[in-house]
Amino acid sequence: MFIRLKCKCGKRLKISHKSADKKLNCPDCQKPFRVPKAKFLAAAKKAKARRAADASALPVAHVDDALPTAQIEADEPSGYGDDFLEDLSLSGAVATEPEFDENAAYVQGKMGDVVYAGGVTCPACEKSLPPGTRICVDCGVDVNTGRSLITTDDGRIADAYGKAHQWARWVSWIMPIGIYPFASEAFGTKEPWIIRGTAVVTILITIWVWTADWSDSPKMQSRKQLMMWPASPEPHAGLYQYFLVDEHYGDLAAFDAKYESLAEARRKEEEARNPKPKKEPEPKPASDTSAPTESSEPIETSIIIAEDGSLMDSPVTVTVETPAEEEADSGEFADETLTPEEQAERQAIEQLMDQGWIDEDDAYFYTGPPEDSDEMDYQLWYMGSDQLRSRLTRDKDLVIQAHNSLPVHQRGAGEFRVYQLFTNAFLHADIMHLGGNLLFLLVFGTRVNAAIGWWRMLIIYPILAVGASLIYLISEKGGLPIPSLGASGAIMGLAGMYMVLFPVHKMHVVGWIRLGIVTGFHLAYRTWEVRGFWVVLFYIAFDVVAVVGRSDDGVAHWAHLGGFLVGTILALLLLIARVINGRGADLLSVTLGQKAWALIGKPRTA
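To keep things clear, this report deals only with the structure shown in the data block. (Residues numbered from 1 in each chain as written. Predicted model: local features only at pLDDT ≥ 70, side-chain atom pairs only at ≥ 80, totals over all residues. Heavy atoms only, no water.)

## Regarding the environment of Pro36
- Here Pro36 shows up in the loop between strand S4 (32-34) and helix H1 (37-57).
- Taking the C-alpha atoms as reference, Pro36 lies 9.9 Å from Lys23; in sequence the two are 13 residues apart. (Helix = DSSP H or I, 4+ residues; strand = E, 2+ residues; numbered from the N terminus.)

## Comments concerning the nonpolar core
- In this structure, Leu441, Phe444, Ile452, Met457, Leu464, Met497 and Tyr498 are the most contacted members of the largest nonpolar core, which totals 63 residues.
- With 10 residues, the single largest contributor to this core is helix H16 (residues 488-501).
- In contact with Met457, other than residues within four places in its own chain, are Ile194, Ile195, Gly445, Val448, Asn449, Ile452, Pro462 and Leu494. (Core = buried A, V, L, I, M, F, W, Y, C linked by side-chain atoms within 4.5 Å. Buried < 20%, exposed > 50% of the residue type's maximum accessible area, 1.4 Å probe, protein only. Contact = heavy atoms within 4.5 Å.)

## Some remarks on the side chain of Thr133
- When you line up the elements, Thr133 lands in the loop between strand S8 (128-129) and strand S9 (135-136).
- Looking at Thr133, its side chain comes within polar contact range of the main-chain oxygen of Pro130, at 2.8 Å. (Polar contact = N/O pair within 3.5 Å; in protein donor to acceptor, adjacent residues only side chain to side chain.)

## Some points on the pattern of salt bridges
- According to the stated counting rule, one finds 11 salt bridges in the structure shown.
- Linking Asp377 and Lys396 is a salt bridge whose minimum nitrogen-to-oxygen distance equals 3.9 Å. Here Lys396 lies in helix H12 (residues 396-404) and Asp377 lies in helix H10 (residues 375-383), a separation of 19 residues in the sequence.
- On the basis of relative accessible area, Lys396 is assigned to the partly exposed category, the value being 25%.
- Shared partners join several salt bridges into a network, and the residues in it are Asp256, Arg391 and Arg394. (Salt bridge = Lys/Arg side-chain N within 4 Å of Asp/Glu carboxyl O.)

## Description of the packing of aromatic side chains
- Here the structure, examined in full by the defined rule, presents 19 aromatic pairs.
- Considering the side-chain rings of Tyr180 and Phe440, the 6.0 Å spacing of their centres and the 70° angle between planes classify their relative orientation as edge-to-face. A residue pair is termed long-range when its members are at least 10 positions apart, and Tyr180 in strand S11 (residues 177-184) and Phe440 in helix H14 (residues 431-452) qualify at 260 residues.
- The structure contains a cluster of three or more aromatic residues connected by ring pairs, namely Trp167, Tyr180, Phe440, Phe444, Tyr498, Phe502, Trp512, Phe538, Tyr539 and Phe542.
- The ring of Tyr259 carries the charged tip of Arg394 above its face, separated from the ring centre by 4.5 Å.
- Geometry around Trp173 places Arg514 over its ring, the cationic atom sitting 4.0 Å from the centre. (Phe/Tyr/Trp six-rings, centres within 6.5 Å; stacked < 30°, edge-to-face > 60°. Lys NZ or Arg CZ within 6 Å of the ring centre and 35° of its normal.)

## Quick notes on H12
- The set of residues buried in H12 consists of Leu398, Val399, Ile400, Ala402 and His403.
- Here the buried face of H12 lies against helix H6 (237-245) and helix H7 (252-273).

## So, the sheet that holds strand S14 (residues 506-514)
- Within the open sheet, the three strands sit side by side as S11-S14-S15. Their pairing is antiparallel. This sheet does not close on itself; its edge strands, each paired only once, are S11 and strand S15 (523-531). Between one strand axis and the next, the sheet turns through 20° on average, direction left out of account.
- Two strands pair when backbone bridges link them, and S11 and S14 are joined in this way by seven bridges, in the antiparallel orientation. Within the sheet, the bridge partner assigned to Pro181 lies in S14 and is Val509.
- Its contacts with the sheet put H14 on S11 and S14, and the angle it makes with S11 is roughly 25°.
- Those strands touched by helix H17 (residues 532-548) are S11, S14 and S15, and its axis lies near 115° from that of S15. (Pairing = 2+ DSSP bridges. Axes fitted to C-alpha atoms, helices over the stretch in contact; angles between N-to-C directions.)

## Thoughts on helix H4 (residues 193-214)
- Taking 1.5 Å of rise per residue, 22 residues should cover 32 Å, and H4 covers 31 Å from first to last C-alpha, within 8% of that figure.
- The set of residues buried in H4 consists of Ile194, Ile195, Thr198, Ala199, Thr202, Thr206, Val209, Trp210 and Ala212. Seen end-on, H4 carries its buried residues on one side only, within an arc spanning 160°. H4 presents Trp193 and Leu204 as exposed residues on the side facing more than 90 degrees away from its buried surface.
- In the core, the buried residues of H4 are packed alongside helix H5 (220-223), H14, helix H15 (454-475) and H16.
- In the segment just after H4, Asp216 is the residue with positive phi, at about 55°. (Expected span 1.5 Å × (residues − 1). Arc of directions from axis to C-beta.)

And the structure:
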């Protein structure tokens, strides 16, 4: 049961009986209000009487006194269907009948049907309707266009607005700018238990893995296999060590022991292959101490830095005296394999550290990784820990050999297993990743679940997750062994199904900007309504742009596109097979009108 109210700001609201006696907020002015249950019932009773009066005013043709036809039911509203009739009568969608001519001819058809002289015929159910009728109440279609009227589920929208406002107030401190959907009016008759259960299971499994990761527990060695590890043909020594040292995905002690044993075996093999010749004793130098010691010219090296570690317009020049016959000073960055100029640069960095120009961490930035490092090694050098940087100079072949000789649970990187196509959808990297995915899962997923039922959703959600993962694996073929995780691929599949089933249903969106200290961190907040297909296209456009531009932002854009493609195709197939009913508001009905009936059947209310 619903009633319509008007706020003082001019906003028209639709309130359900479930919201009676509850504190609500106007979606425009955000002022709180409450509708007492007694007033709600009185208003509903008044609306019922008005509908009954409107229905009694319509002329009714009779075959005999026992057969009334063409009258609108005026029973107590008990669900969405009755509210739908109420909306039509209040909005004027059902035209008032002209004066009924008692002498007008009529023909009694089969089963007592009445055919009105000069009337219209419903294109869906082919029932004869009185002249001037615009809407067939039985089918819910416009008799002129054949398009179905949109049935909406907006009874809880007022509650959702209040929750969205409170949610945005807190989240805006973490995310100063955001645009997110928070409610949909898409109609469904089933309770979305599968999506709600999926959200709970996703939270529990994610936290279960986080506890092992945050505590550096050895259990993470096996739990890492829940992520999806691509079968990469290109091993990467730097990544293997990153997973071992910084992520604690494997047994670092076992890896170090294996590496040292392989390095020792290689040294012995090289010594056996190339034995060192016996060193002849060198003649003692003459005892003439009067000759001056020769020395090379001072070496000047320039390092462009600033006190904050950024680049300067002019360099800082440091002069380092390098003896000609003695080795370079073996400071922290000394290396016998470097040229005198490179040794001088390293010593210059030490002097800058002593003078306070740079600290120890910045020194790594100015030395950089080894020359033979690839792009990923450079990223690991700057983002990794000191312990990781000290290991990136190791022999890459020995690192890969030592890593791959360990059992899977002791390795830094995992191995691909078929079940990972599904299990990775229950894991998330951090709290923002989890929160964002759950929001979209509940907004899109609950509406799709309510439309198709629980057992279909129980089958479809795994298909969406596996389909998105497969397409991502294909796109990453030949890439680095980097794992992927997250439910976003499956959720974009639900978004694709939503766009097919509910393209024109309204979706409510919230946007905010938390301004800076000058304004006292004022929250600029706004909500608005938009068609569902615009929301879906808005977010999928980011993935299209990222894929076309070959973005390297760490997001699995191909998983999003793959899930969206699988969900769209799956929803179209279910519609064409007439397994699910879009109630005339699906993508095919909206775009093709009556022409879509050949594919998906005529509108029906069941």
